[in-house]
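Residue-level structural notes
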Amino acid sequence: RWLREHFKTGDRGITVVSFFDTSFVDSDESPTSYDDGIRAYQDMYDLLEKHNDIRLIIKPSKSEPFFLRGHWSSPEKGLRLIAIWEKLKKHPRVYWTGDSGDLPLIMAMSDIIITHCMSSPTVEALGAQKKAFWYESGLKHKGLIYDKIPGLVVHGAAALEKRIRTLKRQSKQDYVRYLKQNIRNNLEPYMDGKGILRFQKLLAEG
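Residues numbered from 1 in each chain as written. Predicted model: local features only at pLDDT ≥ 70, side-chain atom pairs only at ≥ 80, totals over all residues. Heavy atoms only, no water.

1. Things to note about the pairing of strand β4 (residues 112-116)
With 5 of 5 residues buried, β4 is to be regarded as a mostly interior element. Sheet topology note: the strand β1 (residues 15-20)/β4 ladder contains 4 bridges and is parallel. Bridge pairing links S18 to I113 in β4. Of the pairings in the sheet, the one linking β4 to strand β5 (residues 131-136) comprises 5 bridges and is parallel in character. Looking across to β5, one finds that I113 is bridged to A132. Handedness of the β-α-β unit built from β4, helix α6 (residues 121-127) and β5 comes out right-handed. (Buried < 20%, exposed > 50% of the residue type's maximum accessible area, 1.4 Å probe, protein only. Helix = DSSP H or I, 4+ residues; strand = E, 2+ residues; numbered from the N terminus. Pairing = 2+ DSSP bridges. Right-handed = clockwise from strand over helix to strand, strands pointing away.)

Quick look at the structure:
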């Protein structure tokens, strides 16, 4: 029902992918520049064009004014980024939540969660045993510690499509096995989705 409300196409035999970005700064020295953001969103659009069964939920971390009129705005590159946003918003298989989207609800409705390096939703998703990874449109995080964990960090459009195809085919049982072998203790020690409950208990005991 939720899918029918938010997408203009049917909900049978589909894969729901959510994409969360991070803060982009107009500097080549930034870990995530405007150019990285522009490429990442274009890669999401291209992914839709190659996979007709994908429904894409997008929650940007910032609103349009941040890129057009804010302290970190860029008159040229901000317009290029927003132009891609507008193209995605009009796509019949995209649900654009805006920066105020409900992150837990989006993740619950998603089969695959993608976050631009190295924002937190991917860690939260993996902790709940959801299929998830970090996506980097460039190579700035290549070879760093999390990049050494198989399947956790994906670089570039070709690798993005390959990882999506792999996850779409992978059974729940096989994915849980992957989590136990690669993610548990390297990134998330529990993987039971109860991190907030443990934190509440810790506060109560304190």
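So that's the structure; there's more coming.
2. Let's talk about the side chain of H51
Mapping H51 onto the fold places it in the loop between α2 (34-50) and β2 (54-59). If sequence neighbours within four positions are ignored, H51 has contacts with R93, E161, I164, R165 and K168. (Contact = heavy atoms within 4.5 Å.)

3. Re the layout of surface pockets
Vacant regions in the atomic arrangement are exposed by a probe of water-molecule size rolled over the atoms. When its volume is computed, the largest pocket comes out at roughly 340 Å³. For the lining of the largest pocket, the elements supplying multiple residues, two or more each, are α5 (103-109), α6 and α9 (195-205). Here the lining of the largest pocket is built from residues that sort into 8 nonpolar, 3 polar and 6 charged. (1 Å grid on protein atoms, 1.4 Å probe; cavity = no way out; pocket = protein on both sides within 12 Å on 5 of 7 lines; lining within 4 Å. Points joined across faces, edges and corners; volume = space filled by probe spheres on them. Nonpolar A, V, L, I, M, F, W, Y, C, P; charged D, E, K, R; others polar.)

4. Section: the side chain of T32
Locating T32 in the fold gives a position in the loop between β1 and α2. Under the relative-accessibility criterion, T32 is labelled buried at 7%. If sequence neighbours within four positions are ignored, T32 has contacts with T22, S23, F24, V25, H116 and C117.

5. Observations concerning the packing of α2 against helix α4 (residues 75-89)
The N-to-C vectors of α2 and α4 enclose an angle of 20°; their axes lie 9 Å apart at closest approach. When the axis of α2 is compared with that of α4, the two are roughly parallel. For α2 against α4, the interelement crossing comes out left-handed. Across the interface between the two elements, Y34, D35, G37, I38, Y41, Q42, Y45 and L48 of α2 pack against K77, G78, R80, L81, I84, W85, K87 and L88 of α4. (Axes fitted to C-alpha atoms, helices over the stretch in contact; angles between N-to-C directions. Parallel < 35°, antiparallel > 145°, perpendicular 65-115°, else oblique. Left-handed = near helix turned anticlockwise from the far one by under 90°.)

6. Points about the pairing of β2
Burial analysis of β2 places 6 of its 6 residues in the buried class, the great majority of the element. Side-chain alternation along β2 places I54, L56 and I58 on one buried face and R55, I57 and K59 on a second face that is also buried. Pairing of β1 with β2 involves 6 bridges; the strand directions are parallel. Pairing of V17 across the sheet is with L56, part of β2. Following the backbone out of β1, through α2 and into the adjacent parallel β2, one traces a crossover that is right-handed. Examined bridge by bridge, β2 and strand β3 (residues 94-96) share 3 bridges and lie parallel to one another.

7. Considering the pattern of salt bridges
Per the counting criterion, the structure on display carries 11 salt bridges. In this structure, D35 and K77 form a salt bridge, with 3.2 Å as the shortest nitrogen-oxygen distance. Of this pair, D35 sits in helix α2 while K77 sits in helix α4, placing them 42 residues apart in sequence. With relative accessibility at 18%, the residue K77 sits in the buried group. One salt bridge connects D36 with K140, and the closest N-O pair in it is separated by 3.1 Å. Within this pair, whereas D36 is found in helix α2, its partner K140 is found in the loop between β5 and β6 (153-155), the two being separated by 104 residues in sequence. (Salt bridge = Lys/Arg side-chain N within 4 Å of Asp/Glu carboxyl O.)

Fair warning: the whole summary comes from geometry, so function is off the table for now.
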